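Observations on the three-dimensional arrangement
The primary structure of each chain is shown beneath.
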Amino acid sequence: MYDLIIIGSGPAGLSAAVYARRAALSVLVLEKMPMSGGQVLNTYEVDNYLGIPGVNGFDLGMRFREHAERMGARFVQAQVVGVTDGDGKKTVHTKGGDYEARAVILASGAVHRRLEVPGEAELAGRGVSYCATCDGAFYRGKVTVVVGGGDVAAEDAIFLARGCEKVYVVHRREQLRAARILQERLFALQNVEMVWNSTVERIEGQEKVTGVLVRDKGGQERVLKADGIFIAVGIVPETAAFKGLASMDEDGYLIAGEDCATDVPGIFAAGDIRKKKLRQIITAAADGANAAVAAEGYLMRRGLLAGEKQHLADEK
């Protein structure tokens, strides 16, 4: 029986592990992948993490993992298939067996919805990006393509247009779904060209992106010469294993406040799976810290901490 099980070892899960171990909780981190770090592992260069601009994404993920290990968190590679809420304990079910804890932090993250076109996987991190605020600064004075028609796509295009020579916005319909105010701002930009009723068929390039092949509804194809493509067609939270456990919104994001507490006592949600506005490495790490502190408070209030630590809490 652990004080805390953390599901996922991206920035949110690893931050939670560090803070939980600083609170002297017994911590088990379950991660389905061979390495920790989450989406940051696929980022060639992270330029907006406070204090270490230009750090390689893989290196940053490894630093996070090493920090949590140094604090004494235990790691097990396992695919979580469900969580049940029992009387004073939580049971995390994995394909390799069950684990029990007094509290659980769900930090399994989210994945960007992909186009699933040739060149996308091969050029990921080398011109293919899913986050303009993360990678847009690398394309100042260059030509980029944004794919999508919602708020995120419009915001990405507006953001990129500030520094890029030109921005193409490719959308499969003849009008955007983005908020009207965003559309007005977007259409007013002189260096933005809308490519309506079109889909991306292929991302071109060898070592890096050189262009994007698009096809319109009439079957006409053309190549947009570009240095980068930003795909903004949605994000999918990794919450399938938690359906029925805690409240989610219509898109599958767990509903939790700034303390990361869900509507199930002892179950917390941190990072990209939580319903919120901004999803960045730094906000995920902040969620992890908040979730761990909230979990410690929950355990203290319920008298669920083991041994000397609970005795000290009772004295307070």
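These numbers were taken from a predicted model, which means no experiment stands behind them.

Ranked by size, the top nonpolar core spans 38 residues in total, and within it Leu-4, Ile-6, Leu-25, Val-27, Leu-60, Ile-105 and Phe-268 carry the most contacts. The element that contributes the greatest number of residues to this core is helix H6 (residues 281-302), accounting for 9 residues. Apart from residues no more than four positions distant in its own chain, Phe-268 is found in contact with Ala-103, Val-104, Ile-105, Leu-106, Asp-259, Cys-260, Ala-261, Thr-262, Ala-291, Ala-294, Ala-295 and Tyr-298. Judged by nonpolar contacts, the second largest core, of 23 residues, contains Tyr-2, Val-76, Tyr-99 and Val-264.

Taken as a whole, this structure holds 1 disulfide when the rule is applied. Note that Cys-131 is cross-linked by a disulfide to Cys-134, the S-S spacing being 2.2 Å. Disulfide Cys-131 to Cys-134: torsion about the S-S bond roughly 70°, handedness right-handed. With no disulfide of its own, Cys-164 lies closest to Cys-131 among cysteine sulfurs, the gap being 14 Å. The buried category is assigned to Cys-164, whose relative accessible area is 6%. Cysteine Cys-260 remains unbridged, with the sulfur of Cys-134 as its closest cysteine sulfur at 19 Å. The class of Cys-260 is buried, set by a relative accessible area of 0%.

So, on to unusual backbone geometry. The general pattern is negative phi for most residues beyond glycine and trans for most peptide bonds. Phi at Ala-24 takes a positive value of approximately 65°, unusual for a residue other than glycine. Considering the arrangement of structural elements, one finds Ala-24 in the loop between helix H1 (11-22) and strand S2 (27-31). Of note, the phi angle at Cys-260 is positive, near 70°, even though the residue is not glycine. Within the fold, Cys-260 resides in the loop between strand S16 (235-237) and strand S17 (267-269).

Checked against the element boundaries, Gly-109 lands in the loop between strand S6 (97-106) and strand S7 (110-112). Take Gly-109: its relative accessible area is 16%, and that puts it in the buried class. Taking the C-alpha atoms as reference, Gly-109 lies 7.2 Å from Gly-10; in sequence the two are 99 residues apart. Excluding residues within four positions of it along the chain, Gly-109 makes contact with Pro-237, Glu-238, Asp-272 and Ile-273.

To continue, consider the pattern of salt bridges. Counting across every chain of the model gives 16 salt bridges. For Glu-100, the salt bridge is made with Lys-89, and the minimal N-O distance between the two is 2.8 Å. Of this pair, Glu-100 sits in strand S6 while Lys-89 sits in the loop between strand S4 (80-85) and strand S5 (90-94), and the two are 11 residues apart along the sequence. Between Arg-274 and Asp-287 there is a salt bridge; the shortest N-O distance is 3.0 Å. Within this pair, whereas Arg-274 is found in the loop between S17 and H6, its partner Asp-287 is found in helix H6, the two being separated by 13 residues in sequence. The pair Arg-274 / Asp-287 is uniform in exposure class, with both members buried. Among the charged side chains, a salt-bridge network with shared partners connects Glu-258, Arg-274, Lys-276 and Asp-287.

Evaluation of the coordinates by the stated rule reveals 4 aromatic pairs. The interplanar angle of 80° and the centroid separation of 5.4 Å between the aromatic rings of Tyr-139 and Phe-230 together place this pair among those described as edge-to-face. Taken together, the positions of Tyr-139 in the loop between helix H3 (132-135) and strand S9 (143-147) and Phe-230 in strand S15 (residues 228-231) put the pair 91 residues apart, joining distant regions of the chain. Both residues of the pair, Tyr-139 and Phe-230, count as buried. Note on Phe-268 and Tyr-298: the rings are 6.3 Å apart at their centroids and 75° apart in plane angle, and the pair reads as edge-to-face. Of this pair, Phe-268 sits in strand S17 while Tyr-298 sits in helix H6, and the two are 30 residues apart along the sequence. When sorted by exposure, Phe-268 lands in the same class as Tyr-298, which is buried. Positioned over the ring face of Tyr-253 is Arg-279, at 4.1 Å from the centre of the ring.

Thresholds applied
Residues numbered from 1 in each chain as written. Predicted model: local features only at pLDDT ≥ 70, side-chain atom pairs only at ≥ 80, totals over all residues. Heavy atoms only, no water. Core = buried A, V, L, I, M, F, W, Y, C linked by side-chain atoms within 4.5 Å. Buried < 20%, exposed > 50% of the residue type's maximum accessible area, 1.4 Å probe, protein only. Helix = DSSP H or I, 4+ residues; strand = E, 2+ residues; numbered from the N terminus. Contact = heavy atoms within 4.5 Å. Disulfide = S-S within 2.5 Å. Salt bridge = Lys/Arg side-chain N within 4 Å of Asp/Glu carboxyl O. Phe/Tyr/Trp six-rings, centres within 6.5 Å; stacked < 30°, edge-to-face > 60°. Lys NZ or Arg CZ within 6 Å of the ring centre and 35° of its normal.

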